[in-house]
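# Coordinates in review
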Amino acid sequence: MSQETPAPPKSVLPPVGGDKPRRVRVQHVQAAKEAGERLTMLTAYDAPTARIFDAAGIDMLLVGDSMGDNMLGHANTIPVTMDELIPAARAVTRATKRAMVVADLPFGSYEASPAQAHASAVRMMKETGAQAVKFEGGARVAEHVRLLTSAGIPVMGHLGFTPQSENVLGGKRVQGRGEDAAELLCEDALALQEAGAFAVVLEMVPAPVAARATEILAIPTIGIGAGASCDGQVLVWLDMAGMGGWAPRFAKQFAQIGAELEKAASDYAAEVRAGSFPGREHAYWE
């Protein structure tokens with residue numbers, strides 16, 4: 001007697017595709033944590049890329065200040081401004097129907113006070129249509145998180161290697177090493193949760209530390225260089241697709257889009273120089 005293959009468990013997240021796709025919201029993210037369903041997140045900085053990732057079923061798109069060193073040619077994220085991030089976040093939001101759009105608050109736009117963070121977050125939400133904001137820090141920004149969430153603004157936290165603090169941290173270095181540092185990271189994560197954050201990014205921390213934080217938190221953890229125990233994963237899309245100039249060990253390249261794009265440009269240039277493009281079929285004759 002043959003046994004039927006059990007049907008996969010029904011997702012708690014909105015379905016991908018369909019005529020009337022539903023947006024991923026904070027309640028879906030929390031439900032995924034409770035159901036043990038892994039969350040997916042990629043960065044996006046423009047409408048065409050966001051549209052592709054949305055169609056692929058990526059749950060959350062981060063309009064990160066990583067735009068600075070990935071799209072704008074800066075050495076790091078620190079020079080990125082609100083005026084640069086807002087058009088990118090607006091384009092990503094316009095291009096998506098399902099994915100939750102999370103926009104970073106850049107360096108200098110929130111650190112001074114909860115009131116500054118609130119003003120920047122309100123501007124980001126009103127001018128872009130993003131569904132949440134993200135900024136760096138633990139207990140030191142708990143009051144910022146508390147004010148924003150009480151005002152109806154969903155906040156994603158960010159701990160571990162925090163790129164805006166690169167100069168204090170001594171470069172791109174793994175954080176949370178050692179018992180004291182690991183304990184402090186978990187305390188910071190709990191402080192963000194208590195203040196109302198709906199999720200926390202853990203970047204470049206030892207896998208056992210990320211596993212511990214994931215275990216003690218009721219809200220989801222989103223890992224990047226933090227091992228497989230997190231509730232979800234995020235990557236800079238250029239690293240994921242073989243487009244980035246920096247290849248960290250945690251960024252698996254799922255394609256070599258950079259090499260393909262270079263080949264396409266090279267082939268185009270060769271045909272133009274040879275006079276074979278445009279051909280008769282590429283011209284209008286009436």
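Please read these numbers as outputs of a predicted model, since none were measured by experiment. (Residues numbered from 1 in each chain as written. Predicted model: local features only at pLDDT ≥ 70, side-chain atom pairs only at ≥ 80, totals over all residues. Heavy atoms only, no water.)

## A few points about the side chain of Lys134
Along the polypeptide, Lys134 turns up in strand β4 (residues 132-134). The class for Lys134 is buried, based on a relative accessible area of 3%. Here the side chain of Lys134 touches Asp104 through a polar contact of 2.8 Å, side chain to side chain. At a separation of 2.8 Å, a polar atom in the side chain of Lys134 contacts the side chain of His158. Each residue touching Lys134, except ones within four places of it in the same chain, is listed here: Leu62, Val102, Ala103, Asp104, Leu105, Met156, Gly157, His158 and Val201. (Helix = DSSP H or I, 4+ residues; strand = E, 2+ residues; numbered from the N terminus. Buried < 20%, exposed > 50% of the residue type's maximum accessible area, 1.4 Å probe, protein only. Polar contact = N/O pair within 3.5 Å; in protein donor to acceptor, adjacent residues only side chain to side chain. Contact = heavy atoms within 4.5 Å.)

## Considerations on a negative patch on the surface
Side chains of Glu179, Asp180, Glu183 and Glu187 sit close together on the surface and give a patch of like negative charge. With respect to the secondary-structure elements, Glu183 resides in helix α8 (residues 179-195). (Patch = residues over 30% accessible without salt bridge, like charges linked within 9 Å, V, L, I, M, F, W, Y side chains within 5 Å. Areas by Shrake-Rupley, 256 points an atom, 1.4 Å probe, with all protein chains shown as cover. Salt bridge = Lys/Arg side-chain N within 4 Å of Asp/Glu carboxyl O. Lys, Arg positive; Asp, Glu negative; His and termini not counted. Charge placed at Lys NZ, Arg CZ, Asp CG, Glu CD.)

## Observations regarding the UniProt feature "binding site: Mg(2+)" (unreviewed entry) in the chain
Feature annotation in UniProt assigns "binding site: Mg(2+)" (unreviewed entry) to the following positions: Asp65, Asp104 and Glu136. Of the residues just listed, which span 72 residues, no C-alpha pair is farther apart than 11.1 Å, and they cluster in one region. Tracing the backbone shows Asp65 in the loop between β2 (60-63) and α3 (67-70). If sequence neighbours within four positions are ignored, Asp65 has contacts with Thr77, Val80, Leu85, Asp104, Pro106 and Gln164. In this structure, Asp104 sits in strand β3 (residues 100-104). Asp104 sits in the buried class, given a relative accessible area of 3%. What Asp104 contacts, discounting residues up to four positions off in sequence, is Leu62, Val63, Gly64, Asp65, Leu85, Met124 and Lys134. (UniProt positions renumbered as here; feature names shortened; annotations may be inferred.)

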